[in-house]
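# Survey of secondary and tertiary structure
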Amino acid sequence: EAGVTQFPSHSVIEKGQTVTLRCDPISGHDNLYWYRRVMGKEIKFLLHFVKESKQDESGMPNNRFLAERTGGTYSTLKVQPAELEDSGVYFCASSQDRGGDYEQYFGPGTRLTVT
Amino acid sequence: AQSVTQPDIHITVSEGASLELRCNYSYGATPYLFWYVQSPGQGLQLLLKYFSGDTLVQGIKGFEAEFKRSQSSFNLRKPSVHWSDAAEYFCAVVPLTYKYIFGTGTRLKVLA
């Protein structure tokens with residue numbers, strides 16, 4: 001079974017540019033999550049999809065961030081326009097809906113550097 | 001507010017020595033608790049988890065963790081560290097929702 005995959009693994013862009021990160025969850029997982037780790041800080045929750053619906057986007061930093069999950073499969077996270085403070089590692093995770101089991105499976109992350 | 005504290009940012013141990021990584025959480029009830037490891041270039045891999053029951057949890061790669069309610073702690077241990085254990089370790093809690101709350105991580109260096 002393939003794990004959670006993320007693309008690209010690294011991205012270096014200039015301030016003001018747009019970047020789109022992609023996440024492919026484990027097949028059959030309805031739940032998809034985005035997290036972010038800014039250097040030296042903790043990994044922080046950004047948002048949660050159940051299928052194609054946004055269940056919770058309380059962690060999204062501002063309206064420069066837009067997440068989508070068309071068709072309930074893969075998800076994209078777009079940052080437009082990027083700012084220096086957006087640099088960090090963006091993790092995607094997925095999980096099945098198994099009552100009482102909160103284990104999430106994480107991808108390798110996308111390292112975003114905004115210069 | 002719920003939070004997780006990993007007080008040690010860096011830890012260095014010699015190969016073969018024992019290891020304990022500390023994790024304390026702040027939450028009114030007993031949350032679900034996890035330890036993850038991230039090796040260079042890899043994603044977060046689950047080491048072990050605690051939901052309920054026996055407070056001593058066995059995980060992969062010879063790791064174990066003990067939940068202590070009175071201390072709000074979930075420390076990770078390994079009796080004998082291998083060079084391949086060098087990585088970053090994250091403690092996480094899930095306070096009855098899907099939203100993981102992570103600590104800042106502990107980076108482990110292993111000396112040959």
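What counts as what
Residues numbered from 1 in each chain as written. Chains lettered and ligands numbered in written order. Predicted model: local features only at pLDDT ≥ 70, side-chain atom pairs only at ≥ 80, totals over all residues. Heavy atoms only, no water. Helix = DSSP H or I, 4+ residues; strand = E, 2+ residues; numbered from the N terminus. Rg over C-alpha atoms; globule rule 2.2 N^0.38 Å. Buried < 20%, exposed > 50% of the residue type's maximum accessible area, 1.4 Å probe, protein only. Lys, Arg positive; Asp, Glu negative; His and termini not counted. Charge placed at Lys NZ, Arg CZ, Asp CG, Glu CD. Contact = heavy atoms within 4.5 Å. Pairing = 2+ DSSP bridges. Core = buried A, V, L, I, M, F, W, Y, C linked by side-chain atoms within 4.5 Å. Axes fitted to C-alpha atoms, helices over the stretch in contact; angles between N-to-C directions. Disulfide = S-S within 2.5 Å.

### Quick word on the overall build of chain B
- Across its full length, chain B carries 0 helices and 12 strands.
- Across chain B, helices and strands are ordered from the amino to the carboxyl terminus as β-β-β-β-β-β-β-β-β-β-β-β.
- Taking 112 residues into account, the globule formula puts the C-alpha radius of gyration at 13 Å, and chain B, at 13 Å, falls close to it.
- Oriented by its inertia axes, the alpha-carbon framework of chain B measures out at about 40 × 25 × 20 Å.
- Relative to its full complement of 112 residues, chain B shows a buried share of 46%.
- If the 10 positive side-chain charges of chain B are averaged to one point and the 8 negative ones to another, these points end up 6 Å apart.

### Thoughts on the overall build of chain A
- Helix and strand counts for chain A come out as 0 helices and 11 strands.
- Scaling as 2.2 N^0.38, a compact globule of 115 residues should have a C-alpha radius of gyration of about 13 Å, and chain A matches this with 13 Å.
- Reported as C-alpha extents along the three principal axes, the dimensions of chain A are approximately 40 × 25 × 20 Å.
- Burial analysis of chain A (115 residues in total) assigns 47% to the buried set.
- By sequence separation, contacts in chain A at least 24 residues apart represent 52% of the contacts at least 6 residues apart.
- Across chain A, the 13 positively charged side chains and the 15 negatively charged ones have centroids separated by 5 Å.

### Describing the pairing of strand β10 (residues 87–94) of chain B
Residue and element names in this part refer to chain B.
- β10 sits mainly inside the fold: 8 of its 8 residues count as buried.
- Residues A87, Y89, C91 and V93 point to one face of β10 and E88, F90, A92 and V94 to the other, with burial holding for every one of them.
- In this structure, strand β5 (residues 32–38) lies alongside β10, joined through 7 bridges in antiparallel fashion. From the neighbouring strand, Q38 faces β10, where its bridge partner is E88.
- As paired elements, β10 and strand β12 (residues 106–111) share 3 bridges and run antiparallel to each other. Opposite A87, over in β12, you have L108 as the bridge partner.
- Pairing of β10 with strand β11 (residues 101–102), which is carried by 2 bridges, proceeds in the antiparallel orientation. Bridge assignment links A92 to a residue of β11, and that residue is F102.

### Comments concerning the nonpolar core
- Ranked by size, the top nonpolar core spans 27 residues in total, and within it L19, W35, L47, L48, F74, L76 and Y89 of chain B carry the most contacts.
- Those elements that place two or more of their residues in this core are β2 (10–14), β3 (19–21), β5, β6 (44–50), β8 (64–68), β9 (73–78), β10 and β12 of chain B.
- By size, the runner-up hydrophobic cluster in this structure holds 21 residues, among which are W34, L46, L47 and A67 of chain A.

### Some words on the sheet that holds strand β1 (residues 5–7) of chain A
Residues and elements named next belong to chain A.
- Here 4 strands make up an open sheet; going across it, the order is β1-β3-β8-β7 and the pairing antiparallel. The open sheet terminates on both sides in strands that have one partner only, identified here as β1 and β7 (65–68). On average, adjacent strands in this sheet sit at an angle of 15° to one another, irrespective of strand direction.
- In this sheet, strand β3 (residues 19–24) lies alongside β1 in antiparallel orientation, the contact comprising 3 bridges. Directly across from Q6, in β3, lies its bridge partner C23.

### Topic: the state of the cysteines
- All told, the structure shown has 2 disulfides over all chains when counted by the stated rule.
- Here C23 of chain A engages in a disulfide with C92 of chain A; their sulfurs sit 1.8 Å apart. Because the sign of the S-S torsion sets the handedness, a value of about -65° for the bond joining C23 of chain A and C92 of chain A places this disulfide among the left-handed ones. Taken together, the residues C23 of chain A in strand β3 and C92 of chain A in strand β9 (residues 88–95) connect sequence positions 69 residues apart. C92 of chain A carries the same exposure label as C23 of chain A, and that label is buried.
- Two residues share a disulfide in this structure: C23 of chain B and C91 of chain B, whose sulfurs sit 1.9 Å from each other. Between C23 of chain B and C91 of chain B the sulfur-sulfur dihedral comes to about -65°; the bridge is accordingly left-handed. Placement of C23 of chain B in the loop between β3 and β4 (24–26) and of C91 of chain B in strand β10 is noted, with a sequence separation of 68 residues between them.
- In this structure C23 of chain B comes out as buried when scored by relative accessible area, which is 0%.

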